[in-house]
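Each chain, written out:
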Amino acid sequence: MKRTVLTLGVATLAILIIMMAGRSTTFGSTMEDKPATQVKIDNFVFSPNPVTVPVGSTIRWTNQDDIPHNVVSDDKSFKSKALDTDETFTYTFTKPGTYTYFCSIHPKMTGKIVVQ
Amino acid sequence: MADKTKDEILHDHNHDGIDRRGFLKCMAWAGTGAFCVMQGGVLKSYSLSGLAGSSAKEMKGELSFVQISDSHMGFNKPANTDVAGTLKAAIDKINALPTQPSFILHTGDITHLSKPEEFDGVDQLLKGASAKDVFYVPGEHDVIGDDGKQYLERYGKNAKGAGWYSFDQKGVHFIGLVNVMNLKAGGLGSLGTEQLEWMESDVKHLSKSTPIVVFAHIPLWSVYPEWGWGTDDSAQALGRLKKFGSVTVLNGHIHQTMQKIEGNVTFHTAASTAFPQPKPGAAPSPGPMKVPAEQLKSVLGIRDVNYVQGKHALGVTDSSLE
Ligand SMILES: [Cu+2]
C-alpha cells in the first residue's frame, strides 16, 4: 500500500516537472497553452449557453455585470468565489459529461457545459 | 396614545374575535426607510421624507420602528459611488424623526460582497442612529462564499438554524426569516423545511389577535419570478400564519417599494439605501439602475404611501428623500 502511494507520488512529481518544463519553454504545447473558451456573464445571463468543448478544455467565465455572480456546478464539483465586476473564473474539464451549473447568488441564472 | 384610538381598536365589528382595525399597517415608504408607528394595534407608516410636516403628537404610538434595506456596503459602481454616504443620509433621516423609533429592522444585503470591512462599515454608521437596537436578516450578498458563517457570528447569536429568530415588542410578534441560503439552480428564495417547522412551533402559542410582523430579505410573494423576485416556499410560510388577523410582511431585495394586500396579509418591499433597481421586466436584467448623480437621492426617495382601513387599501402616494 505504502509502496503504491509512493509510486503515485513519484509519478505525480514527474508529471509536475514535465508540466513546469513545458511552461518554461515558449514552444512547448501544454494543456494550459490552449486558449480558454470564454463564457461571459452579462445582464444576469451566461453566454454562450450551452457550450460544447472537447475533453481537456478550459472555460473562462468573466463577470461583466455591476453585481457579483458566481459559478457553481449543480453537483458542487466546481465552485468559484464571488466574481466582482471583470473578475474571472477558469475551470478545466478533464472528463466527458454534461455539467450543469448556476449562480448560487442568483439561482435563476443557469448554464450547461457539454464535454465530449 | 389617545384613549379614543384605543376604543376604536378594541371594537370588534365582525364579532369573530378578529380585530379588523388591529391590522398592522405600515404603508408609507421612503427611499431609505419606512417609519412605522403602532397606534392601538394599528401600524401606521410615514415616508421618511414627508415627516417634516408631521407633529410629534401624531407620530406617538405604542411602538414605532424603522425598516431600512439593501445598504450594499462596498458597492462602488456608477449607480452609487458613495453607498456609505446614502446610508448616513438615511440614518440622519431616522434621527430627525419627531418620535424616535424603538429599533431598526435591516432587511438584508447589509454588504455587497460579505467582506468583514463592509459589515464593519455598516455597524459603524448604525452606531450613529438614535435607535440602538438593530434587527437583521441576511440578504444573498451577506452570505457569499461562507454559507453565512460570518453573518451568523456577527448577528446570529440568538438565532436558530441559518439565522432565523423571533421577538416580541409591545404585543407585536416579530419573525425574522432567512430565505437566501441553500438556493437551488433555477429556483427562487427558499426557507426550507427546518425553518418552516420552527415557525409553526414559534407561533403555536400566540393568540390569533396578536399582530404579526414577518421580515425577510427576498419578497415572500411572487413579485417577478423571472428575476428571482420571489420565494419558492413562501405560501407554506404564510399558510402557517392563517389564524392571525393581522400579518405584515416586510421585505427588501428589489430596491423599490411595492405593496400587495391578500386577505389579512399586507406585503411591502422597501427601497434600498444604495441604488435603485428597474421595475419588473423594465430592463434586460435586475442590475443596478444608473441615474444622474444629482437625481440619485430623489430616485431613492421615491415612495409609495399606502394607507389601509381594515382590509382595504385607501391610496398610494409617492414622496422623495429630498
Ligand atoms: Cu448571480
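Residues numbered from 1 in each chain as written. Chains lettered and ligands numbered in written order. Predicted model: local features only at pLDDT ≥ 70, side-chain atom pairs only at ≥ 80, totals over all residues. Heavy atoms only, no water.

Engineer: An account of the overall build of chain A is requested, with residue identities and associated values reported.
Structural biologist: Helix and strand content of chain A: one helix and eight strands. Per-residue burial over chain A gives 39% buried out of 116 residues. Sequence-distant contacts, at least 24 apart, represent 47% of the contacts inside chain A between residues at least 6 apart. Working note: accessible area of chain A is about 6900 Å², and carbon and sulfur atoms make up 61% of it. (Helix = DSSP H or I, 4+ residues; strand = E, 2+ residues; numbered from the N terminus. Buried < 20%, exposed > 50% of the residue type's maximum accessible area, 1.4 Å probe, protein only. Contact = heavy atoms within 4.5 Å. Areas by Shrake-Rupley, 256 points an atom, 1.4 Å probe, with all protein chains shown as cover.)

Engineer: Report on the overall build of chain B, specifying residues and quantitative values.
Structural biologist: Looking only at helices and strands, chain B has eight helices and 13 strands in total. With 322 residues in all, chain B has 59% of them scored as buried. At a minimum sequence separation of 6, the contacts of chain B that also span at least 24 residues come to 68%.

Engineer: An account of the sheet that holds strand S8 (residues 110–115) of chain A is needed here, citing residue identities and associated values.
Structural biologist: Residue and element names in this part refer to chain A. An order of S3-S8-S7-S5 is seen for the four strands of this open sheet, with the pairing classed as mixed. Looking at the sheet topology across the chains shown, the edges are occupied by strand S3 (51–53) and strand S5 (72–73). In the sheet, S5 pairs with strand S7 (residues 97–102) via two bridges, with the strands oriented antiparallel. Bridged to Val 72 within S7 is Phe 102. (Pairing = 2+ DSSP bridges.)

Engineer: I'd like a description of the interface of chain B and chain A, backed by residues and values.
Structural biologist: Residue-level contacts link 24 residues of chain B with 16 residues of chain A. Approximately 1600 Å² of surface area, both sides summed, lies buried where chain B meets chain A, with 67% of it carried by carbon and sulfur atoms. For the pair chain B and chain A, the number of links is two salt bridges. The salt bridge partner of Asp 66 of chain A is Lys 290 of chain B, with a shortest N-O separation of 3.5 Å. Of the residues that constitute the side of chain B that touches chain A, the class distribution is twelve nonpolar, seven polar and five charged. (Buried area = accessible area lost by both parts, 1.4 Å probe. Salt bridge = Lys/Arg side-chain N within 4 Å of Asp/Glu carboxyl O. Nonpolar A, V, L, I, M, F, W, Y, C, P; charged D, E, K, R; others polar.)

Engineer: So what about the packing of aromatic side chains? Which residues, and what values?
Structural biologist: Tallying each qualifying case throughout the model produces 25 aromatic pairs over all chains. Ring geometry for Trp 227 of chain B versus Trp 229 of chain B: centroids 5.1 Å apart, planes at 80°, classification edge-to-face. The class for Trp 227 of chain B is buried, based on a relative accessible area of 14%. Trp 229 of chain B gets classed as buried once you look at its relative accessible area, which sits at 1%. Pairwise contacts between aromatic rings join Phe 46, Trp 61, Phe 78, Phe 89, Tyr 91, Phe 93, Tyr 99 and Tyr 101 of chain A into one cluster. (Phe/Tyr/Trp six-rings, centres within 6.5 Å; stacked < 30°, edge-to-face > 60°.)

Engineer: Describe in detail the pairing of strand S6 (residues 165–169) of chain B, supporting the description with residues and values.
Structural biologist: Residues and elements named next belong to chain B. Pairing geometry for S6 and strand S7 (residues 172–176), over five bridges, is antiparallel. Paired with Phe 167 across the two strands is Phe 174, which belongs to S7. Remark: two residues form the turn of the hairpin made by S6 and S7, two consecutive strands paired antiparallel; Lys 170 in that turn has positive phi of roughly 50°.

Engineer: I'd like a description of the coordination of the copper ion, backed by residues and values.
Structural biologist: Residue and element names in this part refer to chain A. Within the protein, the copper ion binds to His 69 (ND1), Cys 103 (SG) and His 106 (ND1); these donor distances fall in the range 1.9 to 2.2 Å. Sequence spacing of the donor residues for the copper ion, all on one chain, is H-x33-C-x2-H. Taken as a pair, His 69 in the loop between strand S4 (58–63) and S5 and Cys 103 in the loop between S7 and S8 lie far apart in primary sequence, 34 residues in all. This pair shows no difference in class: His 69 is buried, exactly as Cys 103 is. (Donors = N, O, S within 2.8 Å, 3.2 Å for Na, K, Ca; no water.)

Engineer: Any details on the sheet that holds strand S2 (residues 45–47) of chain A? Residues and values, ideally.
Structural biologist: All names here are of chain A. Pairing within the open sheet is mixed, and its four strands lie in the order S2-S1-S4-S6. Both outer strands of the open sheet, S2 and strand S6 (88–92), are each paired with one neighbouring strand and no more. Looking at each pair of strands side by side, their axes are set apart by 20° on average, direction ignored. Across three bridges, strand S1 (residues 37–42) lies against S2 in antiparallel orientation. Residue Asp 42 lies in a different strand from S2, and its bridge partner there is Val 45. (Axes fitted to C-alpha atoms, helices over the stretch in contact; angles between N-to-C directions.)

Engineer: So what about the pairing of strand S4 (residues 103–106) of chain B? Which residues, and what values?
Structural biologist: All names here are of chain B. Going residue by residue along S4, you find Phe 103 and Leu 105 tucked away on one face and Ile 104 and His 106 tucked away on the opposite face as well. Here four bridges tie strand S3 (residues 63–68) to S4, and the two strands are oriented parallel to one another. Each residue of the ladder has a partner; that of Ile 68, found in S4, is His 106. Handedness of the crossover joining S3 and S4 through helix H3 (residues 83–95): right-handed. (Right-handed = clockwise from strand over helix to strand, strands pointing away.)

Engineer: Let's hear about the nonpolar core: which residues, and what values?
Structural biologist: In terms of nonpolar packing, the biggest core is built from 46 residues, with Phe 46, Trp 61, Val 71 and Ile 113 of chain A touching the most fellow members. Looking at this core element by element, the count peaks at four residues for H3 of chain B. Core analysis: the second largest hydrophobic core is formed by 32 residues, Ile 175, Trp 221, Trp 227 and Ala 237 of chain B among them. (Core = buried A, V, L, I, M, F, W, Y, C linked by side-chain atoms within 4.5 Å.)

Engineer: Report on the environment of Lys 132 of chain B, specifying residues and quantitative values.
Structural biologist: Residue and element names in this part refer to chain B. Relative to the assigned elements, Lys 132 resides in the loop between helix H4 (116–126) and strand S5 (133–136). Spatially, the C-alpha atom of Lys 132 lies 9.5 Å from that of Pro 101, the residues being 31 residues apart in sequence. Within polar-contact distance, the side chain of Lys 132 engages the backbone oxygen of Lys 127 at 2.9 Å. (Polar contact = N/O pair within 3.5 Å; in protein donor to acceptor, adjacent residues only side chain to side chain.)

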